Amino acid sequence: MTGRPAAATTVARKRAVLYNVLKYAVRERKLLDANPIDQVDWKAPEKIEQVDRSVVANPAQARQLLAAVTYVGRLSGRGARMRAMYACMYYGGLRPSEAIGLRRQDCELPDLCACVGECSCDLPASAWGRLTLTKSRPRPGRLYTDSGQSHDEKGLKRRPVGDKRLVPIPPELVRILAEHLEQFGTAEDGRLFATSTGGTVSASAVWRIWHAARVIGLSPEQQTTPLAGRPYDLRHACATLLLNAGVPPKEVARRLGHSVEVLWKVYAGCLDGDEERINRLIEKALAA
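Being a predicted model, the structure only gives us computed values, none of them experimental.

Engineer: What is the right way to look at the overall build of the protein in this model?
Structural biologist: Each helix and strand in the protein was counted, giving 11 helices and three strands. Its helices and strands in sequence order give the protein the pattern α-α-α-α-β-β-β-α-α-α-α-α-α-α, from N to C terminus. By principal-axis analysis of the C-alpha atoms, the protein measures approximately 80 × 70 × 40 Å. Looking at the protein as a whole, 38% of its 288 residues qualify as buried. Taking the contacts inside the protein whose residues are at least 6 apart along the sequence as the reference set, 63% of them involve residues at least 24 apart. Surface summary for the protein: the accessible area is close to 17600 Å², and the carbon and sulfur share equals 53%. Of the charged side chains in the protein, 43 are positive and 31 negative, and the gap between their average positions amounts to 5 Å.

Engineer: Sorry if this is basic, but what is going on with the sheet that holds strand S3 (residues 165-169) here?
Structural biologist: Sheets are built from strands paired through backbone hydrogen bonds, the pairs being either parallel or antiparallel. Within the open sheet, the three strands sit side by side as S1-S2-S3. Their pairing is antiparallel. Unpaired on one side and paired on the other, strand S1 (107-108) and S3 mark the two borders of the sheet. With five bridges connecting them, strand S2 (residues 129-133) and S3 associate as antiparallel partners. Pairing of Arg130 across the sheet is with Pro168, part of S3.

Engineer: Would you explain the packing of aromatic side chains in this entry?
Structural biologist: Here the distance between the centres and the angle between the planes together describe a pair of aromatic rings. Applying the stated rule across the entire model yields two aromatic pairs. Seen in terms of ring centroids, Tyr86 and Trp210 are 5.0 Å apart; in terms of plane orientation they differ by 45 degrees. Their pairing is tilted. Of this pair, Tyr86 sits in helix H3 (residues 78-92) while Trp210 sits in helix H6 (residues 203-217), and the two are 124 residues apart along the sequence. Taking the relative accessible area as the measure of exposure, Trp210 reaches 0% and is therefore buried. A ring pair is formed by Tyr90 and Tyr91, whose centres lie 4.9 Å apart and whose planes are at 70 degrees; its orientation type is edge-to-face. Take Tyr90: its relative accessible area is 3%, and that puts it in the buried class.

Engineer: What is the right way to look at helix H2 (residues 59-69) in this model?
Structural biologist: Because each turn of an α-helix spans 3.6 residues, side chains separated by three or four positions end up pointing in the same direction. Looking at H2, one finds that the buried residues are Gln61, Ala62, Leu65, Leu66, Ala68 and Val69. Burial along H2 is one-sided: seen end-on, the buried residues are contained in an arc of 160 degrees. Where H2 starts, the residue carrying a side-chain oxygen 3.1 Å from the main-chain nitrogen of Ala60 turns out to be Asn58.

About the thresholds
Residues numbered from 1 in each chain as written. Predicted model: local features only at pLDDT ≥ 70, side-chain atom pairs only at ≥ 80, totals over all residues. Heavy atoms only, no water. Helix = DSSP H or I, 4+ residues; strand = E, 2+ residues; numbered from the N terminus. Buried < 20%, exposed > 50% of the residue type's maximum accessible area, 1.4 Å probe, protein only. Contact = heavy atoms within 4.5 Å. Areas by Shrake-Rupley, 256 points an atom, 1.4 Å probe, with all protein chains shown as cover. Lys, Arg positive; Asp, Glu negative; His and termini not counted. Charge placed at Lys NZ, Arg CZ, Asp CG, Glu CD. Pairing = 2+ DSSP bridges. Phe/Tyr/Trp six-rings, centres within 6.5 Å; stacked < 30°, edge-to-face > 60°. Arc of directions from axis to C-beta. Polar contact = N/O pair within 3.5 Å; in protein donor to acceptor, adjacent residues only side chain to side chain.

Take a look at the structure:
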């Protein structure tokens, strides 16, 4: 609309849609003899698939931003309702659409000790929980759903209908989810994250609240950088944290719900310390 070149991902997506429309006109409707795009000598622009290191928040920054979310719309509680959802993206690596569709029955949350001072209960102070992901709620818009609602209910991305993904979650997220359930409960259908009236959280609200939280939780200098600029960057931070912690790539890919090949293609540049380690190996070889 501004006359500037579109992003490479936008070009690729729109070209794919146009190509499939014309293929439908050729094969199904017999309106065309051949797909004219096949006759166009054109090369798609290169896409940058690796995650930029500058968007990845470290654990201290992530906790700071999650705390800042609770101050957004404090009187209405809008931000407080969203804190656990963002926490699922960071600690569990969930996609936003997966977090929006998360239900109470999908959560295995052990009871943890909440005593202050001396404790006489038998509950553990910390324990891991687990999420069983089966559904996501993407937002294609009312024109593109059978139900006429903005959000659609689908299976997991690039997985057969009914397939599940088991995601272990650390005690920190167990506590956040338990606090969320105690304070806000669930929607009628069991969804953890809903509006005050029980509706589905909109994608625009997820963006607006996160951007407001960055203003509260980051310094003025950090706000001018891409650091955690999008809610999705919390998922990138989770993947980077797991890889840097030494979790096997196959397990990281399984938890995030994609292949090892995609994991290396997207996150290889985010492995802190690799450059220094490789430099030391080269120095050792040169000194031999």
